[in-house]
Amino acid sequence: SQELEQSPQSLIVQEGKNLTINCTSSKTLYGLYWYKQKYGEGLIFLMMLQKGGEEKSHEKITAKLDEKKQQSSLHITASQPSHAGIYLCGVYQNAGGTSYGKLTFGQGTILTVHT
Amino acid sequence: NAGVTQTPKFRILKIGQSMTLQCAQDMNHNYMYWYRQDPGMGLKLIYYSVGAGITDKGEVPNGYNVSRSTTEDFPLRLELAAPSQTSVYFCASSPQRLSYEQYFGPGTRLTVT
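Residues numbered from 1 in each chain as written. Chains lettered and ligands numbered in written order. Predicted model: local features only at pLDDT ≥ 70, side-chain atom pairs only at ≥ 80, totals over all residues. Heavy atoms only, no water.

**Student:** What is the right way to read the interface of chain B and chain A from this model?
**Tutor:** One frequent convention defines the size of an interface as the accessible area lost when the parts assemble. At the junction of the two partners, chain B supplies 23 residues and chain A supplies 22 residues. Both sides of the chain B and chain A interface together cover about 1,900 Å² of buried area, and 56% of this is carbon and sulfur. Here chain B is connected to chain A by zero salt bridges. Across the contact surface, chain B and chain A share three residue pairs in polar contact (both at pLDDT 80 or more). Mapped by element, the contributors of at least two residues to the side of chain B that touches chain A are strand 4 (31–37) and strand 5 (43–51) of chain B. (Contact = heavy atoms within 4.5 Å. Buried area = accessible area lost by both parts, 1.4 Å probe. Salt bridge = Lys/Arg side-chain N within 4 Å of Asp/Glu carboxyl O. Polar contact = N/O pair within 3.5 Å; in protein donor to acceptor, adjacent residues only side chain to side chain. Helix = DSSP H or I, 4+ residues; strand = E, 2+ residues; numbered from the N terminus.)

**Student:** Help me understand the nonpolar core, please; the structure alone is not making it clear to me.
**Tutor:** Generally speaking, soluble globular proteins have nonpolar side chains that are buried together. Residues and elements named next belong to chain A. Of all hydrophobic cores here, the largest spans 22 residues; its most connected members are Leu19, Leu32, Trp34, Leu74, Tyr87 and Leu111. Where this core is concerned, the elements lending two or more residues are strand 2 (10–14), strand 3 (19–25), strand 4 (32–37), strand 5 (43–49), strand 7 (61–66), strand 8 (71–76), strand 9 (85–95) and strand 11 (109–114). Apart from residues no more than four positions distant in its own chain, Leu19 is found in contact with Leu11, Val13, Leu74, His75, Ile76, Ser79 and Leu111. (Core = buried A, V, L, I, M, F, W, Y, C linked by side-chain atoms within 4.5 Å. Buried < 20%, exposed > 50% of the residue type's maximum accessible area, 1.4 Å probe, protein only.)

**Student:** Hey, could you run me through the sheet that holds strand 8 of chain A in this one?
**Tutor:** Remark on secondary structure: sheet strands pair via backbone hydrogen bonds, oriented parallel or antiparallel. All names here are of chain A. Strand order across the open sheet formed by five strands is 1-3-8-7-6, with antiparallel pairing between neighbours. Here the strands that pair on one side only, and so sit at the sheet edges, are strand 1 (4–7) and strand 6 (55–58). Strand after strand, the sheet turns through a mean of 15 degrees between neighbouring axes, direction not considered. Pairing geometry for strand 6 and strand 7, over four bridges, is antiparallel. Among the inter-strand pairings, Lys56 is bridged to a residue of strand 7, identified as Ala63. (Pairing = 2+ DSSP bridges. Axes fitted to C-alpha atoms, helices over the stretch in contact; angles between N-to-C directions.)

**Student:** Could you clarify how one ought to interpret the side chain of Gln102(B) in this entry?
**Tutor:** Here Gln102(B) lies in the loop between strand 9 (87–94) and strand 10 (103–104). One polar contact links Gln102(B) to Tyr35(B), side chain to side chain, over a distance of 2.9 Å.

Here is the structure:
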């Protein structure tokens, strides 16, 4: 099965600084999802990347898919305390040629933003 | 719409006890999922359902059971609770496979002592 490895596992930044979180896959990436989780809450969908080279932005968060590297990166510009939380990447797994939409996640990156 | 709701939010069980974690969605989604989240381990799929009456195992199904008698509800049953089942449980739903996103509930924090 496809596995995802996120780096770093945790990150502490000063407010206003830029940061990058990486998600590396053990197999070819055909699509990747980024979610954010605040402590004690469920996951909130951020964005989905479907094609190699695709780049999407939402407010100050930009994600890019590099299919050659089997990697996706999530970049936050001018971080704010509201960006703090756990960021998870996910891919859909196939099951014997049929995909039931089973989402496999990386282990998560914990982001802390100091004011 | 309330989205995906889960009850209870917190629960402490003794070893060997049983309980049912409730999950409901009001978006008429066919696909529903149960995940558990352990520190530093991301989320692992326990069971999923592609529609009422149809369920299947995920990555870590041992010790759990599910049922899907209606489109709205997808309860997760723990029959003989073990300390290894201490975790945060998330229910999610999506309108179709390979959906843009899965909608997650707020989670149930379970401790087994």
